[in-house]
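Coordinate analysis (summary)
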Amino acid sequence: MTRQRLLCNVTLAVILPGWWGRAPGAAQWSSVQCPVADRDASERFERVERLDDFEAARLEWHVVPGDQNAQAKASLAVKEGRSGSTALRVEYEFRGKLPLEYVSLGRSFAIEKPGLGLGMYVKGAATRLRFRLRVVDRSGETHQADMAWWPGDGGWRFVAAAFDPAGGDADDIWGGDGNGRVDYPCRFDSLIADRPDVGYTGAGICWIDDLQLVRPLQEESEMQIEVLNKQLGNLYAPGEAVKLRVSGSEGTLRWRVTDFWNRTLAENTGEPNNMLIDFRFPLPGYYAFTLERRADGRIAESRVFRCGALPPPRPVASRNTFVGVCTHFRDDHPPYPLVCMELMARLGITEFRDEVRWDAVEARKGQMEIPVRCRRYLDRACELGMAPLIILDYGNPFHDDSGYPLSAAAIAGYADYSAFLARQLKGIVSAFEVWNEYCGGCGMHGKTGNQTPETYTRMLQAAHRALKQVVPQVTVVGLGGEDSGRQLPNIEGILKGGARFMDALSVHSYRYPNSPEETDLVGEIQRVAKLARQYDAPTRLWVTEIGWPTQLEPLGVGEQTQARYAVRSLALLQSTGAVEKAFWYDLKNDGLRRDYIEHNCGLVWHEDFNCAPKPAAIALAIFARATAGARPQRLWRQSDGYAVFYRQPDGSDLIVAWTTSAQRRAVVKGKGVGASDLMGNQLPARHSIRLGEDPVYIEGRHVQLAVARKAA
């Protein structure tokens, strides 16, 4: 038996201290980077000149017609103004039939020099509108910029964007000389209000007022932050202390420590000259140290040190096999640092989904080899007792020109690649997923349009045969993560011919930014399970991607919302009785742009910020500990109240309960009843508990739950 396979028989109950190479017990100050605090656009832009307050009798804005433009009407609305009496009223209706559909409001004015942008106030918008601006430079090149806005609460909200923002996408630039640069002088072309999603239908009204030229305020970066005895992921134990040392130049420093509910636990103000912050974590949970340096009457710099306090993870022998995460340890993507494997273990997550791509394995025609980095991360997973799910995915230049394997020769090549991985990773990987989002075209770089459920079934059959011949007990996961809400016809098409070529089936169940309840996550999964039964497919359903990203744009959610949706969605998935595993997408932010979705999907921040936790990381860690070994029994629902009932290994009851809107009082009966909140803190009340959007855990024997119909 090889050394690698011997390692796989080792189960580690704890993770060793000193994750960054620090010797246990050695006191050492280390520099730590912290992300800029998210601030409202009104604090990030200064006003330069008012453009339009809509108080004039004549409306200078007009609705731009076009093939991609939604139906809209613009008018002046008296008694709707923010500062004066009048505002611009925009009525719109999206039909949902076009690949692109948006409202375009036109008005031309000159922009002579760089460094400026547009700001305005917006109100209303029951629809999640994504506002953008367009400018045309002197060569005729059009530049489009997203305005810093997310859905409001019905009141006025300031939104703004620079005319030439840094880090724009190529898709937001077209025409002209094609140099990708705003060449001045240029002119303002139009204001865009985009629908929230492709296919969206709906009508609404929004109001716009106080348009002005603005100038982005540059966030300074003079603050130096150090931490004593740096911990991977800024994760500590309850009762442990964190010590920060902050220094800067001029101004004053205000710091405060808040918990998940934004309650201030400690604060102080002083000169930013080696200020020492010493805070001991009183309870498990998520904590944020906000550091603001003020100079010249404004916030010159603001940073957030995010951290968490967690009890130790359970031994691997009693791990939670339901909760998993998606990762990117592979070679061709900017890879995760290998130390993220230890971070997963510290959070109590041992199930993860990654890939070893076909073109990386067969980099030379007919010759296969596992890339060194892939071998390294899989060996480390084995040492830590983790369970990887490996995707067999994407095209290869030696087979059908990197397209989908459609020809007999390409399908045979894909089967050979599958068998090779199963053979090489025997004893390390016990489950393989056949492709990723096959019908949706993910990862295929435009080589799509000829893939069908039938072509997937042919590939699945060949891969299934090849995998089983090498390792008969391997789990072959079929469907490849088809969308459980939008792709039921594709799912049915694959199940018709391919049900017998899979041991489990996988779907992706994204619905951000909407909640799992309002989008009927449970009903969606039950429809997939019904199809599986209809075609005699396996009853093992794996949700291999689900998540709520936190980018600063309309499809993103707040970090607290991400945390509560994470726990609620996992509990709802378990309540169906059909879902065996669920993988959050993904473990870590993949980049640093706060307005880009792929850089904000993680449970933790980018490694440049020491993989600092978001609240969702702590919430899922608590959920994984609380539900490990528990068997879901049923879902209880009353009005906007939800409760998922579990039976624990010792026969006692566990309930995860919440409401989706108003707080309600719940009466709990049973023996030995106890309750804890989303962050794992014991609640003082045991038999009368206030339920809200943040789930609570209720334990005991013979537990009965009654929730008041009226809001508390």
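For clarity, every value in this text was computed on a predicted model and none was experimentally measured. (Residues numbered from 1 in each chain as written. Predicted model: local features only at pLDDT ≥ 70, side-chain atom pairs only at ≥ 80, totals over all residues. Heavy atoms only, no water.)

With respect to the element layout, tyrosine 200 can be found in the loop between strand S12 (186-194) and strand S13 (202-216). A relative accessible area of 25% places tyrosine 200 in the partly exposed class. Taking the C-alpha atoms as reference points, tyrosine 200 and glutamate 101, separated by 99 residues in sequence, lie 9.2 Å from one another. Each residue touching tyrosine 200, except ones within four places of it in the same chain, is listed here: Phe94, Arg95, Gly96, Glu101, Thr127 and Arg195. (Helix = DSSP H or I, 4+ residues; strand = E, 2+ residues; numbered from the N terminus. Buried < 20%, exposed > 50% of the residue type's maximum accessible area, 1.4 Å probe, protein only. Contact = heavy atoms within 4.5 Å.)

Another aspect to go through is the sheet that holds strand S11 (residues 173-174). Pairing in this open sheet of 6 strands is antiparallel, and the strands run S3-S6-S12-S8-S9-S11 from one edge to the other. Single-partner strands in this sheet number two, and they are strand S3 (62-63) and S11. The sheet contact formed by strand S6 (residues 102-111) and S12 spans 8 bridges and is antiparallel. By the bridge assignment for S12, phenylalanine 109 is matched with phenylalanine 188. (Pairing = 2+ DSSP bridges.)

Here we have 8 strands rolled up into a closed barrel, ordered S22-S23-S24-S25-S26-S27-S28-S29, and parallel in their pairing. Across the sheet, the mean angle separating the axes of adjacent strands is 30° when strand polarity is ignored. This element, helix H5 (residues 372-383), spans strand S23 (351-355) and strand S24 (387-392) of the sheet and lies at about 170° to S23. Here helix H6 (residues 408-424) sits on the sheet and contacts S24 and strand S25 (431-434); the angle it forms with S24, its principal contact strand, is near 165°. (Axes fitted to C-alpha atoms, helices over the stretch in contact; angles between N-to-C directions.)

This brings us to the pattern of salt bridges. The tally for this structure, following the rule as stated, stands at 42 salt bridges. Put simply, arginine 107 and glutamate 60 hold a salt bridge, and the shortest N to O gap is 3.4 Å. Residue arginine 107 is located in strand S6, and its partner glutamate 60 is located in the loop between strand S2 (45-52) and S3; the two are separated by 47 residues in the primary sequence. Classification of arginine 107 by relative accessible area gives buried; the value is 14%. Overlapping salt bridges bring together Arg50, Asp53, Arg82 and Asp210 as one network. (Salt bridge = Lys/Arg side-chain N within 4 Å of Asp/Glu carboxyl O.)

What follows is about the pairing of S23. Taken across its 5 residues, S23 has 5 buried, putting it largely inside the fold. In S23, alternate side chains face the same way, and those of Glu351, Arg353 and Glu355 on one face and Phe352 and Asp354 on the other are all buried. Of the pairings in the sheet, the one linking S23 to S24 comprises 5 bridges and is parallel in character. Within S24, the residue paired with glutamate 351 across the bridge is alanine 387.

In this section: the nonpolar core. By size, the foremost hydrophobic cluster in this structure holds 117 residues, and its most contacted members are Leu421 and Leu573. Ranked by residue count, the leading element in this core is helix H11 (residues 615-627), at 10 residues. Discounting residues that sit within four places of it in the chain, leucine 573 has contacts with Phe322, Leu521, Ile525, Val543, Ile546, Val579 and Ala582. Listed in part, the 35 residues of the second largest apolar core include Trp61, Leu105, Phe188 and Leu211. (Core = buried A, V, L, I, M, F, W, Y, C linked by side-chain atoms within 4.5 Å.)

Attention now moves to the layout of surface pockets. Roughly 1,100 Å³ of internal volume is contained in the second largest pocket. Only strand S17 (252-259), strand S20 (285-295), strand S21 (298-309) and helix H10 (559-575) provide two or more residues apiece to the lining of the second largest pocket. The element that contributes the greatest number of residues to the lining of the second largest pocket is H10, accounting for 5 residues. Looking at the lining of the second largest pocket residue by residue, the class counts come to 12 nonpolar, 12 polar and 18 charged. (1 Å grid on protein atoms, 1.4 Å probe; cavity = no way out; pocket = protein on both sides within 12 Å on 5 of 7 lines; lining within 4 Å. Points joined across faces, edges and corners; volume = space filled by probe spheres on them. Nonpolar A, V, L, I, M, F, W, Y, C, P; charged D, E, K, R; others polar.)

Quick look at the confidence of the model for the chain now. Confidence in the prediction for the chain averages 90 pLDDT; 93% of positions are at 70 or higher. Here residues 1-23 is a poorly scored stretch, pLDDT under 50, and it has 40 contacts once near neighbours within four places are set aside; other chains count. (pLDDT = per-residue confidence, 0-100.)

Glancing now at the side chain of aspartate 393. Looking at the secondary structure, you find aspartate 393 in the loop between S24 and H6. Here aspartate 393 is buried and forms no salt bridge, its nearest opposite-charge partner arginine 357 lying at an N-O distance of 5.0 Å. Ignoring anything within four residues of it in the chain, the contact list for aspartate 393 reads Glu355, Arg357, Trp358, Tyr417, Trp435 and Asn436. (Lys, Arg positive; Asp, Glu negative; His and termini not counted.)

Here the focus is the packing of helix H7 (residues 453-470) against helix H8 (residues 488-498). Viewed as axis vectors pointing N to C, H7 and H8 meet at an angle of 40°, and their least axial separation amounts to 8 Å. Considering the angle they form, H7 stands oblique to H8. Regarding H7 and H8, the two cross each other, and that crossing is right-handed. In this structure, H7 uses Pro453, Tyr456, Thr457 and Leu460 to contact H8, whose residues at the interface are Asn490, Gly493, Ile494, Gly497 and Gly498. (Parallel < 35°, antiparallel > 145°, perpendicular 65-115°, else oblique. Left-handed = near helix turned anticlockwise from the far one by under 90°.)

Attention now moves to the packing of aromatic side chains. Scanning the entire structure with this criterion turns up 33 aromatic pairs. A centroid spacing of 6.0 Å and a plane angle of 90° characterise the contact between tyrosine 394 and tryptophan 435, whose relative ring orientation is edge-to-face. Separated by 41 residues along the polypeptide, tyrosine 394 in the loop between S24 and H6 and tryptophan 435 in the loop between S25 and H7 bring together distant segments of the chain. Since its relative accessible area comes to 6%, tyrosine 394 is described here as buried. What makes tryptophan 435 buried here is its relative accessible area of 0%. The interplanar angle of 25° and the centroid separation of 5.7 Å between the aromatic rings of tyrosine 404 and tryptophan 435 together place this pair among those described as stacked. Pair noted here: tyrosine 404 is in the loop between S24 and H6 and tryptophan 435 is in the loop between S25 and H7, with a separation of 31 residues, a long-range link. Aromatic ring contacts, followed pair by pair, group Trp358, Tyr394, Tyr404, Tyr414, Tyr417, Trp435, Tyr438 and Tyr456 into a single cluster. (Phe/Tyr/Trp six-rings, centres within 6.5 Å; stacked < 30°, edge-to-face > 60°.)

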